[in-house]
Amino acid sequence: KNQVEQSPQSLIILEGKNCTLQCNYTVSPFSNLRWYKQDTGRGPVSLTIMTFSENTKSNGRYTATLDADTKQSSLHITASQLSDSASYICVVSAGDYKLSFGAGTTVTVRA
Amino acid sequence: NAGVMQNPRHLVRRRGQEARLRCSPMKGHSHVYWYRQLPEEGLKFMVYLQKENIIDESGMPKERFSAEFPKEGPSILRIQQVVRGDSAAYFCASSSAGGTNMGNEQFFGPGTRLTVL
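Reading the values: the criteria
Residues numbered from 1 in each chain as written. Chains lettered and ligands numbered in written order. Predicted model: local features only at pLDDT ≥ 70, side-chain atom pairs only at ≥ 80, totals over all residues. Heavy atoms only, no water. Contact = heavy atoms within 4.5 Å. Buried area = accessible area lost by both parts, 1.4 Å probe. Salt bridge = Lys/Arg side-chain N within 4 Å of Asp/Glu carboxyl O. Polar contact = N/O pair within 3.5 Å; in protein donor to acceptor, adjacent residues only side chain to side chain. Helix = DSSP H or I, 4+ residues; strand = E, 2+ residues; numbered from the N terminus. Nonpolar A, V, L, I, M, F, W, Y, C, P; charged D, E, K, R; others polar. Pairing = 2+ DSSP bridges. Axes fitted to C-alpha atoms, helices over the stretch in contact; angles between N-to-C directions. Core = buried A, V, L, I, M, F, W, Y, C linked by side-chain atoms within 4.5 Å. Buried < 20%, exposed > 50% of the residue type's maximum accessible area, 1.4 Å probe, protein only. Disulfide = S-S within 2.5 Å. pLDDT = per-residue confidence, 0-100.

## Here we look at the interface of chain A and chain B
Of the residues lining the interface, 22 residues belong to chain A; the matching set on chain B comes to 23 residues. Here chain A packs against chain B, burying approximately 1,800 Å² in sum over the two surfaces, 53% of which is carbon and sulfur. In this structure, D56 of chain B engages K98 of chain A in a salt bridge whose closest nitrogen and oxygen atoms are separated by 3.2 Å. Scanning the region where chain A abuts chain B turns up eight residue pairs in polar contact (both at pLDDT 80 or more). Broken down by secondary-structure element, the contributors of at least two residues to the side of chain A that touches chain B are β4 (32–38), β5 (45–51) and β10 (99–101) of chain A. In terms of residue count, the dominant contributor to the side of chain A that touches chain B is β4 of chain A (four residues). Of the residues contributing to the side of chain A that touches chain B, the split by class is seven nonpolar, 11 polar and four charged.

Now the structure itself:
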């Protein structure tokens, strides 16, 4: 069964600090992995996408890593801002239209 | 270029009533996907449609739920005789082609939050 596990479930950080979110998956075959940001009451918005041949991808202050051998990914947020408060979702694709979603990590940034 | 539109954003129904959720895909997109999100859980695939065709409805309950994507107009997710367990956020996504390779990204709407009293 394709599964995506994220940790931690939630975290609180002070504005300006860094944090790292984890994603482990068992999806097979593997096509690509995306990190999404979902603001409260909104739909998910893509931050990064990586295929098996890519091990790092940046989008501004967001940097995602991928280890296809261990089936692990991380999302690092640098110099957090209040607007980074959201749920971050790891999504893995086996190549077809069915996406496997993690439950998300809720990040709260406090001033 | 407007993104994926969903309406209503919030819908309250009493048990036994019908719920109709609408989704207008991004301009130029002919592939629509519906997902359900329960609290503290990830999005779960329900159904995949192209214009006038249901491609895959394996994630949708066989009773009370139906979906359509007519030649003209938005895609509709219909839930008949709603029960409290149907309370969830329902998201629609669209893509320009099928599959989830790099060029076929699914873009998500803001969701409809259904509350069944």
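## Details of the sheet that holds strand β8 (residues 72–77) of chain A
All names here are of chain A. Sheet architecture is open: five strands sit in the order β1-β3-β8-β7-β6, paired in antiparallel fashion. Each having just a single partner strand, β1 (4–7) and β6 (56–59) make up the two edges of the open sheet. With direction set aside, neighbouring strand axes in the sheet form an average angle of 15°. Relative to strand β7 (residues 62–67), β6 is paired through four bridges, and the arrangement is antiparallel. When the sheet's bridge partners are listed, S58 is paired in β7 with T63.

## Digging into the environment of G95 of chain A
Among the structural elements, G95 of chain A can be located in the loop between β9 (86–93) and β10. Residues G95 of chain A and S31 of chain A, spaced 64 residues apart in sequence, show a C-alpha to C-alpha distance of 4.9 Å.

## With respect to the nonpolar core
For soluble globular proteins, the rule of thumb is that nonpolar side chains tend to be buried together. Counting residues in hydrophobic clusters, the biggest one holds 24 residues, and the most contacted among them are L21, Y25, L33, W35, L75, Y88 and V92 of chain A. Of all the secondary structure elements, the ones that give two or more residues to this core are β2 (10–14), β3 (19–25), β4, β5, β7, β8, β9 and β11 (105–110) of chain A. Beyond its immediate chain neighbours, meaning those up to four positions away, Y88 of chain A contacts Q6, L21, W35, Y36, K37, L47, Y62, L75, I77, G104, T105 and V107 of chain A. Within the second largest apolar cluster, 23 residues are counted, among which are V4, I79, V82 and Y90 of chain B.

## Overview of the state of the cysteines
All names here are of chain A. In this structure the tally under the stated criterion is two disulfides over all chains. Put simply, C23 and C90 are joined by a disulfide, and their sulfur atoms are 2.0 Å apart. Because the torsion about its S-S bond is -65°, the bridge between C23 and C90 counts as left-handed. Residue C23 is located in strand β3, and its partner C90 is located in strand β9; the two are separated by 67 residues in the primary sequence. With respect to class, C23 is no different from C90; both count as buried.

## Quick word on the confidence of the model for chain A
Overall, the prediction assigns chain A a mean pLDDT of 93, with 100% of residues at 70 or greater. Ranking the elements of chain A by mean pLDDT puts β10 of chain A last, at 91, and β8 of chain A first, at 98.

## Re the pairing of strand β8 (residues 75–79) of chain B
All names here are of chain B. Burial of β8 is extensive: four of the five residues sit out of reach of the surface. Here strand β3 (residues 19–24) pairs with β8 via five bridges, running antiparallel. Across the sheet, C23 pairs through a bridge with S75, a residue of β8. Taken together, strand β7 (residues 65–68) and the strand that follows it, β8, pair antiparallel across an intervening segment of six residues, in which G73 is found at a positive phi of about 100°.

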